[in-house]
Amino acid sequence: MYCVQSITSDLLLLGGSDRRLALFENVFPIPRGVSYNAYLLLDEKTVLLDTVDSAVSTRFFENLEHGLQGRPLDYVVVNHMEPDHCATLGEVLRRYPAAQVVATAKAVSMIGQFFENDVSGRCLSVKEGDTLSTGRHCLHFAAAPMVHWPEVMVTYDAADHILFSADAFGTFGALSGNIFADEVNFETEWLADARRYYTNIVGKYGAQVQALLKKAAGLEIQMLCPLHGPIWRKNIEWFVEKYQRWSTYTPEDRTAAIFCGSIYGNTENAAEILAARLAEKGVTGIAFYDVSHTHVSELVAEAFRCSHLVFASATYNAEIYTPMDNFLRDLKSHGLRNRTVGLVENGSWAAQAGRQMSDLLASMKDMQVLEGTVTLKSSPKAEQRAGLEALADALAADILA
């Protein structure tokens, strides 16, 4: 049975939510599920803006049929060709053979990569600044390459000042009736998933997101319609400011996040001593994670959020402890920069983790590694307390400055 919700008098939300999927992109845990948004504009011409993942295909086609109310489908705008938004595109084109595809040239070429459909003669390839009149509405197209695929574009409805933003401004989390961000407690219940979504999926492409934000700044935007998560119609500038910070690798919170890779608990003991000393010196909001037990996507999101990072790692096979090594390399691949870092290493006979972590961090941009790596031999002793105290002093002084 169809489940269609009205956004405006002539714009409908189609698609659906998947609460059964365990891993988004077969990588990221999504305990709250995820929504796949598609939009239907009912003007003199009908326009479908993006399709959905195959997981919600049955509901999507019921919604589309109900939304059209027997009218033909004139256009399918493809803002993003990733399968979670285009898995059903081939079937849409089969069911609505008169529909014309509107997409970038790269997206048009990708249709042939994903589907057997012959779309020659039914594609309108658009570029930056092109427009499409559908009656009352005029759609403007802007390129958004690498946010987060090279073929991406966004669509701006000049009549109602709506930006269809593709994956930008999306978030993990299934929709539960309330489709607008102002209808939910976004800051406490959704922001962590929005941050984790951005940092892990789009985070590497900060410069490209900045380019898109500059384009958006020149538009009057009264509504943001992303392909995942709630629609924004109020306090849009608050969420845009988050994107401004994330895409410039600017911390949200001046505090310390301590990431610990401990085998038998001794490295963790040292990290806990450091956390306690930081708290005594007035640092609040300290975050503490065991990198072996927390999914790396959450660790990456927290590293983007916090201004100061501590990596405390055992030495393992004369290298960085494997989960810590994986985490650090993930941070590098996501382009994190502009952080102050403290290091703690442990090694019963040959502590190597500190030097190797320092070398890895040196290959990243704008990472200030504090002097005085704290070195443990098996377990913390009195002499290491002095080193931990000195590291806490340096971190606290900078955080509270």
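This text follows the structure it describes.
Residues numbered from 1 in each chain as written. Predicted model: local features only at pLDDT ≥ 70, side-chain atom pairs only at ≥ 80, totals over all residues. Heavy atoms only, no water.

**Q** Explain the overall build of the chain to me, please; I cannot follow it from the model alone.
**A** The secondary structure content of the chain amounts to 13 helices and 21 strands. In terms of its C-alpha atoms, the chain occupies a principal-axis envelope of roughly 80 × 40 × 35 Å. Counting over 401 residues, the chain shows a buried share of 55%. The contacts of the chain with a sequence gap of at least 6 include a subset with a gap of at least 24, amounting to 73%. As presented, the chain carries roughly 16,600 Å² of accessible surface, and 49% of it is formed by carbon and sulfur atoms. (Helix = DSSP H or I, 4+ residues; strand = E, 2+ residues; numbered from the N terminus. Buried < 20%, exposed > 50% of the residue type's maximum accessible area, 1.4 Å probe, protein only. Contact = heavy atoms within 4.5 Å. Areas by Shrake-Rupley, 256 points an atom, 1.4 Å probe, with all protein chains shown as cover.)

**Q** What should I look at first to understand the nonpolar core in this one?
**A** Membership of the largest hydrophobic core comes to 86 residues, with the highest contact counts inside it found for Ile7, Tyr39, Leu48, Phe60, Leu73, Met81 and Leu89. Contacts of Leu73, omitting those with residues within four sequence positions, involve Leu40, Thr46, Val47, Leu48, Leu68, Val92, Tyr96, Ala98 and Ala99. Core analysis: the second largest hydrophobic core is formed by 29 residues, Ala257, Leu309, Ala314 and Met364 among them. (Core = buried A, V, L, I, M, F, W, Y, C linked by side-chain atoms within 4.5 Å.)

**Q** Teacher, can you tell me more about helix α13 (residues 382–399) here?
**A** Taking 1.5 Å per residue as the helical rise, α13 with its 18 residues ought to reach 26 Å, and the 26 Å between its terminal C-alpha atoms agrees with that figure. Listed as buried for α13 are Gln384, Leu388, Leu391, Ala392, Leu395, Ala396 and Ile399. Axial view of α13: buried residues confined to an arc of 130 degrees, hence all on one face. For α13, exposure combined with an orientation more than 90 degrees from the buried face picks out Ala382, Glu383, Ala386 and Ala397. Tucked into the core, α13 has its buried residues touching β15 (253–261), α9 (266–280), β17 (306–316), β19 (339–346) and β21 (374–376). (Expected span 1.5 Å × (residues − 1). Arc of directions from axis to C-beta.)

**Q** Help me understand the sheet that holds strand β2 (residues 11–18) in this model?
**A** Within a beta sheet, neighbouring strands are joined by backbone hydrogen bonds and run either parallel or antiparallel to one another. The strand order across the open sheet built from seven strands is β1-β2-β5-β6-β7-β8-β9, with neighbouring strands paired in mixed fashion. Only two strands of the sheet have a single partner each, and these edge strands are β1 (5–8) and β9 (123–125). For this sheet, the mean angle separating the axes of adjacent strands, direction not counted, is 25 degrees. As paired elements, strand β7 (residues 75–77) and strand β8 (residues 100–103) share three bridges and run parallel to each other. The residue bridging Val77 from the neighbouring strand is Val102, located in β8. Contacts between helix α4 (residues 105–114) and the sheet are confined to β8 and β9, with β8 contributing the most and set at about 125 degrees to the helix. (Pairing = 2+ DSSP bridges. Axes fitted to C-alpha atoms, helices over the stretch in contact; angles between N-to-C directions.)

**Q** What am I meant to see in the packing of helix α6 (residues 191–202) against helix α10 (residues 296–305) here?
**A** Two measures define how a pair of helices packs: the angle their axes make with one another and the distance between the axes. Taken N-terminus to C-terminus, the directions of α6 and α10 make an angle of 95 degrees; their axes are 8 Å apart at the nearest point. The pairing of α6 with α10 is recorded here as roughly perpendicular in orientation. Where α6 approaches α10, its residues Arg195, Arg196, Thr199 and Asn200 are matched on the opposing element by Val296, Ser297, Glu298, Val300, Ala301, Phe304 and Arg305. When grouped by side-chain class, the residues that make up the contact of α6 with α10 number four nonpolar, three polar and four charged. (Parallel < 35°, antiparallel > 145°, perpendicular 65-115°, else oblique. Nonpolar A, V, L, I, M, F, W, Y, C, P; charged D, E, K, R; others polar.)

**Q** What am I meant to see in the pairing of β2 here?
**A** Across a regular strand the side chains alternate sides, sitting on one face of the sheet and then on the other. The buried fraction of β2 is high, at seven of eight residues. Across three bridges, β1 lies against β2 in antiparallel orientation. Each bridged residue has a counterpart across the sheet, and for Ser6 the counterpart in β2 is Leu12. Remark: two residues form the turn of the hairpin made by β1 and β2, two consecutive strands paired antiparallel. Relative to strand β5 (residues 34–42), β2 runs antiparallel, the two sharing eight bridges. When the sheet's bridge partners are listed, Leu14 is paired in β5 with Ala38.

**Q** I keep staring at the packing of helix α7 (residues 206–217) against helix α8 (residues 236–247) and nothing clicks. Help me out?
**A** The geometry of α7 relative to α8 is characterised by a closest axis approach of 9 Å and an angle of 145 degrees between their N-to-C directions. Between α7 and α8 lies a crossing whose hand is left-handed. Residues Gly206, Val209, Gln210 and Leu213 of α7 form the contact with α8, whose participating residues are Val240, Tyr243, Gln244 and Ser247. (Left-handed = near helix turned anticlockwise from the far one by under 90°.)

**Q** I would appreciate a short explanation of the pattern of salt bridges in the present structure.
**A** Side chains carrying opposite charge are able to pair once their charged atoms draw close together. In this structure the tally under the stated criterion is 21 salt bridges. Salt-bridge contacts for Arg245 lead to Glu241; the nearest nitrogen and oxygen are separated by 2.7 Å. Of this pair, Arg245 and Glu241 both sit in helix α8, four residues apart, which is roughly one turn of that helix. Residue Glu252 is joined to Lys242 by a salt bridge in which the shortest nitrogen-to-oxygen separation is 3.1 Å. With a gap of 10 residues between them, Glu252 in the loop between α8 and β15 and Lys242 in helix α8 connect regions that are remote in the sequence. (Salt bridge = Lys/Arg side-chain N within 4 Å of Asp/Glu carboxyl O.)

**Q** Please clarify how the sheet that holds strand β11 (residues 138–143) should be interpreted in this entry.
**A** Pairing is mixed across the open sheet formed by five strands, whose spatial order is β10-β11-β12-β13-β14. Only two strands of the sheet have a single neighbouring strand rather than two, namely β10 (131–133) and β14 (223–225). Direction aside, the axes of adjacent strands within the sheet are offset by 20 degrees on average. Sheet analysis places β11 next to strand β12 (residues 153–157), joined by five bridges and oriented antiparallel. Considered in β12, the bridge of Phe141 is made with Thr155.

**Q** Where do I start with the side chain of Ser165 in this structure?
**A** Considering the arrangement of structural elements, one finds Ser165 in the loop between β13 (162–164) and α5 (186–189). Take Ser165: its relative accessible area is 2%, and that puts it in the buried class. Polar side-chain contacts of Ser165 include one of 2.8 Å to the backbone oxygen of Ala168. When neighbours within four sequence positions are excluded, Ser165 is seen to be in contact with Val154, Cys225 and Pro226. (Polar contact = N/O pair within 3.5 Å; in protein donor to acceptor, adjacent residues only side chain to side chain.)

Treat this as a map of the structure, not an account of what it does.
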